[in-house]
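Structure assessment
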Amino acid sequence: MFSISPPARFGSLCVCIAVSTILPTTYSLSLSAPAALRAARASHVRMQDTAFGASHTSFYTDAVRQDKYELLEDVLEEKLADKELVQVVKTMFDACGTITEALRTELVTVAEKQESVFGDVQLGVDVVADNLMWDVCKTTPLIKEGASEEEPEVRVMHEDGKFCVCWDPLDGSSIVDNNWAVGTIIGIWGAETGIIGATGRDQVTSMVALYGPRTTVFVRLDDGVYEFTYKAEGVDGWICSRSQIQIAQASKIFAPANMRAAQEVDGYKQLIDHWMTERYTLRYSGGLVPDLCQQFTKRQGVFANPTSEKSPAKLRLAFEAAPFGLLVEAAGGKTSNGVSGESVLDTVITGIDQRTPLCIGSADEVDRFNTLVLGL
């Protein structure tokens, strides 16, 4: 037995620092060395719980390592009945892999030639990604029409093609120079509906690539949403890292976009206050792809982007909201068009640059958005 009072030492300097940092300095105690350490650790845990909350506001992965991972080709063959669609999806995966390699080597600088008719500043990596997607469409006979978020038109690629592809080549241009996660968003419609005049529900599939420390792609197959990871586990290609992903009805993670609107929309302010008061975990980067893809990996979450007179809608229906909407609803989540509260997948696409408010994610939180923000 021994007694210590700060700043007394025992054992080694490291132990002394840990104890003197963790234990209160207003009293002395008499404990054996092992007991002192156990008390110190318990005190540290209590302080985390009460002061920092890390133990109940952090959401770590629950993914368990598998003995074997299926290859993309095998999963698509089994899980997509339309074999022509399989070919197009595989081509899109190849494009996402090529964009991954380009992001690893290209510096983030303003493009010498600005071609976005929307007025958005194009970066060199934007142009590289967009040109690649156009090249893919031009060389794939199954693709009838293509449309890029960078340009306001649907272009005919092959008159007798079977599918129409709509893409945002590199979503997150405003944060890519920070080396934050960005992505590619792809919606695919059948030629019988096309894109204009169709709805998001008419898509035959959609997929989203997330470029971060790893590259992952989430895609809607016949029986749900799957995640594929690029060049992992020694495979020079894509492996299936998550299958039949489900988003829980309830959530404790929120991503509030367009928070300026809360100055005008009292319901949005109330919604944010609820999330904060109830100690939800804020996970928001300003990049649509990472902010929404976390719903698939954490299996919960809500993303809200309402609008107001001074803060109008920015999300594009065909390029962003519809492809993500198909994925989230296929995984058991819910969407709101931010106006009537109906699913964003039921909104008719009347123009390629059509914008929309959006709430998307765990059903309970989308319902809460419809109640507080829309008054439904």
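Residues numbered from 1 in each chain as written. Predicted model: local features only at pLDDT ≥ 70, side-chain atom pairs only at ≥ 80, totals over all residues. Heavy atoms only, no water.

1. Details of the overall build of the protein chain
Going by this rule: Secondary structure follows DSSP: runs of H or I at least 4 residues long count as helices, runs of E at least 2 residues long count as strands, and numbering of each begins at the N terminus. Exposure classes here rest on a 1.4 Å probe applied to the protein chains alone. A residue is buried below 20% of its type maximum, exposed above 50%, and partly exposed in between. Here, residues are in contact when the closest pair of their heavy atoms is within 4.5 Å. Computed with a 1.4 Å probe, the accessible areas rest on the Shrake-Rupley method; for each residue, only the protein chains presented here act as cover.
Tallying secondary structure elements over the protein chain gives 10 helices and 15 strands in all. Buried residues in the protein chain amount to 51% of all 376 residues. Taking contacts inside the protein chain between residues at least 6 apart in sequence as the whole, the part at least 24 apart equals 62%. Accessible area for the protein chain stands at about 17,800 Å²; split by element, carbon and sulfur atoms hold 51% of it.

2. Section: the packing of aromatic side chains
Definition in use: In this analysis, rings of Phe, Tyr and Trp, with Trp reduced to its six-membered ring, are considered paired at centre separations within 6.5 Å, and the interplanar angle assigns stacked below 30 degrees, edge-to-face beyond 60, and tilted for intermediate values. Here, over-ring charges are defined by two tests on the NZ atom of lysine or the CZ atom of arginine: distance to the ring centre within 6 Å, and angle to the ring normal within 35 degrees.
Evaluated as defined, the whole model comprises seven aromatic pairs. Ring centres of Phe254 and Trp275 lie 5.0 Å apart, and the angle between their planes is 35 degrees; on these two criteria the pair is classed as tilted. Of this pair, Phe254 sits in strand E11 (residues 253–256) while Trp275 sits in helix H7 (residues 266–277), and the two are 21 residues apart along the sequence. Note on Phe254 and Tyr280: the rings are 6.5 Å apart at their centroids and 70 degrees apart in plane angle, and the pair reads as edge-to-face. Of this pair, Phe254 sits in strand E11 while Tyr280 sits in the loop between H7 and strand E12 (281–282), and the two are 26 residues apart along the sequence. Pair check on accessibility: Phe254 and Tyr280 agree, each one buried. In this structure an aromatic cluster arises from ring pairing among Phe93, Phe228, Tyr230 and Trp238. Residue placement shows Arg155 over the ring face of Trp134; its charged tip is 4.4 Å from the ring centre.

3. Considerations on the layout of surface pockets
Stated formally: Cavity: a set of points on a 1 Å grid over the protein atoms alone where a 1.4 Å probe fits but cannot get out. Pocket: an open set with protein on both sides within 12 Å along at least five of seven lines, its lining residues, like those of a cavity, having an atom within 4 Å of a point. Grid points are joined across faces, edges and corners, and a volume is the space filled by probe spheres set on the points. By the convention adopted, Pro, Cys, Tyr, Trp, Phe, Met, Ile, Leu, Val and Ala count as nonpolar, Lys, Arg, Asp and Glu as charged, and the other residues, Gly among them, as polar.
By volume, the second largest pocket is sized at about 710 Å³. Arg214, Thr216, Glu227, Arg242 and Thr297 are, among the 28 residues lining the second largest pocket, the residues nearest its centre. For the lining of the second largest pocket, the leading source of residues is helix H8 (residues 288–297), giving four residues. The residue makeup of the lining of the second largest pocket, split by class, is 13 nonpolar, eight polar and seven charged.

4. Structural notes on the sheet that holds strand E7 (residues 203–211)
Put simply, the rule is: Only strands joined by at least two bridges in the DSSP assignment are considered to pair. Axis lines are fitted to C-alpha atoms, over the contacting stretch for helices. Their N-to-C directions set the angle, which ranges from 0 to 180 degrees.
Strand order in the open sheet formed by eight strands is E4-E3-E5-E6-E7-E8-E9-E10, and the pairing between neighbours is mixed. In this open sheet, the two strands that pair with only one neighbour each are strand E4 (155–156) and strand E10 (238–242). Looking at chain direction, strand E5 (residues 163–171) and strand E6 (residues 182–190) are connected through seven bridges and run antiparallel. Bridged to Asp171 within E6 is Gly183. Contacts between helix H6 (residues 124–138) and the sheet are confined to strand E3 (143–148), E4, E5 and E6, with E5 contributing the most and set at about 165 degrees to the helix. Relative to E7, H8 is tilted by about 105 degrees, and along the sheet it contacts E5, E6, E7, strand E8 (215–221), strand E9 (224–230) and E10.

5. Focus: helix H4 (residues 72–79)
Formally: By construction, the arc corresponds to the directions joining the helix axis to the C-beta atoms.
Taken as a whole, H4 has its buried residues at Leu72, Val75 and Leu76. For H4, the buried positions fall inside an angular range of 100 degrees around the axis, keeping them on one side. Buried residues along H4 sit in contact with helix H5 (83–105), E8, E9 and E10.

6. Some words on helix H9 (residues 317–330)
Most of H9 is tucked away, with 12 of its 14 residues classed as buried. The complete set of buried residues in H9 reads Leu317, Ala318, Phe319, Glu320, Ala321, Ala322, Pro323, Phe324, Gly325, Leu326, Leu327 and Val328. Phi for Gly332, located one or two positions after H9, is positive at around 95 degrees.

7. Observations regarding empty space enclosed by the protein
Taking a probe equal in size to a water molecule and rolling it over the atoms shows the remaining empty space. Applying the stated criterion across every chain yields a total of two cavities of 30 Å³ or more. Taken as a whole, the second largest cavity holds about 40 Å³ of empty space. In this structure, the second largest cavity is lined by Ile99, Ala102, Leu103, Glu106, Val125, Val128 and Ala129. Among the elements of the structure, H5 and H6 are those that each provide at least two residues to the lining of the second largest cavity. Here the residues of the lining of the second largest cavity are counted per class, giving six nonpolar, no polar and one charged.

8. Some remarks on the packing of H5 against H6
What counts is decided by this rule: Oblique is the label for every angle not falling under 35 degrees (roughly parallel), over 145 degrees (roughly antiparallel), or within 65 to 115 degrees (roughly perpendicular). Should the near helix be turned anticlockwise from the far one by less than a right angle, the crossing is termed left-handed; should it be turned clockwise, right-handed.
It is the contact of H5 with H6, at a shortest axis distance of 10 Å, that shows an interaxial angle of 155 degrees. If you check the angle between H5 and H6, you find them roughly antiparallel. Where H5 crosses over H6, the two elements pack in a sense that is right-handed. Residue-level contacts link Thr91, Met92, Ala95, Thr98, Ile99, Ala102 and Leu103 of H5 to Val125, Val128, Ala129, Leu132, Met133 and Val136 of H6. Here the residues of the contact of H5 with H6 are counted per class, giving 11 nonpolar, two polar and no charged.

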